[in-house]
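A structural walkthrough
Below, each chain spelled out in residue letters.
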Amino acid sequence: MIKVSVLYPNSQDLIFDKDYYFAKHMLLVSKLLGNSLKNVQVDFGLVNGNPDEAVKYVVMTHMTFDSIEAFQNIFAIHSEKLLCDIVNFTNCQPEIQISEIKI
């Protein structure tokens, strides 16, 4: 199993519509990725380890797939629609990390 983490970095000029992201974008993600998407978790950052610093990421979304190929195959089909929706909820460029799940 692999985890695809989509990380939205914090910044001074950040705009992020959490309601749109959760209610509309994530529904689109679930619909388009279908059965290839095994699990999804959306985390909204609250505080940093150092309370005097802002959170590094305002939103972190973690999606589980059977394999990198399973993710790449389904994402290739729907990437344009998913990526074009980003402007509807944020002005930042997300970072993506793919990890192997061991436990």
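All of these numbers come straight from a predicted model, not from anything done at the bench.

About the criteria used
- Note on numbering: residues in each chain are counted from 1, in written sequence order.
- Since the coordinates come from a predicted model, pLDDT governs what is reported: local features require at least 70, and pairs of side-chain atoms require 80 or more to be given and counted, while whole-chain, interface and lining totals use all residues.
- Only heavy atoms go into the side-chain values, all of them from the structure, while hydrogens and water stay out.
- Burial classes: relative accessible area under 20% of the type maximum marks a residue as buried, over 50% as exposed, and values in between as partly exposed (1.4 Å probe, protein chains only).
- Secondary structure elements are taken from DSSP: a helix is a run of H or I of four residues or more, a strand is a run of E of two residues or more, and numbering for both begins at the N terminus.
- Here, strands pair whenever DSSP counts at least two bridges between them.
- Within this scheme, the nonpolar core is defined by two criteria: the residues are buried Ala, Val, Leu, Ile, Met, Phe, Trp, Tyr or Cys, and they are joined through side-chain atoms within 4.5 Å.
- The criterion used for residue contact is that any of the two residues' heavy atoms lie within 4.5 Å.
- To pair, rings of Phe, Tyr and Trp, with the six-membered ring standing in for Trp, must have centres within 6.5 Å; the planes then decide the type, stacked if under 30 degrees apart, edge-to-face if over 60, and tilted in the middle.
- Using protein atoms alone on a 1 Å grid, points that fit a 1.4 Å probe yet trap it form a cavity, whereas open point sets bounded by protein on both sides within 12 Å along at least five of seven lines form a pocket; residues with an atom within 4 Å of a point count as lining.
- Grid points are joined across faces, edges and corners, and a volume is the space filled by probe spheres set on the points.

Quick notes on the pairing of strand β3 (residues 57-65)
- For β3, a buried count of eight out of nine residues is recorded, marking the element as mostly surrounded by other parts of the structure.
- Where strand β1 (residues 2-9) and β3 come together, eight bridges link them in antiparallel fashion. Paired with V4 across the bridge in β3 is M63.
- As judged from the six bridges shared by strand β2 (residues 39-44) and β3, these two strands associate in the antiparallel manner.

Description of the nonpolar core
- Membership of the largest hydrophobic core comes to 24 residues, with the highest contact counts inside it found for Y8, F16, L33, M63 and F65.
- Of all the secondary-structure elements, those providing two or more residues to this core are β1, α1 (18-33), β3 and α2 (68-84).
- The contact partners of Y8, leaving out residues within four places of it in the chain, are F16, Y21, K56, Y57, V58, V59, F89, T90, C92 and P94.

What about the packing of aromatic side chains?
- Taken as a whole, this structure holds ten aromatic pairs when the rule is applied.
- Relative to F89, the ring of Y8 lies with its centre 5.9 Å away and its plane at 75°, an arrangement referred to as edge-to-face. With Y8 in strand β1 and F89 in the loop between α2 and β4 (95-100), this residue pair connects regions lying 81 residues apart in the sequence.
- Residue classification places Y8 among the buried residues on the basis of a relative accessible area of 3%.
- The exposure class of F89 is buried, given its relative accessible area of 2%.
- Here the aromatic cluster, defined as three or more aromatic residues joined through ring pairs, consists of Y8, F16, Y20, Y21 and F89.

As for the layout of surface pockets
- One number sums up the size of the largest pocket: a volume of about 240 Å³.
- Looking at the largest pocket, it is lined by 18 residues, and the ones nearest its centre are V6, Y8, H25, F75 and L83.
- Of all the secondary-structure elements, those providing two or more residues to the lining of the largest pocket are β1, α1, β3 and α2.
- Sorting elements by how many residues they give to the lining of the largest pocket places α1 first, with five residues.

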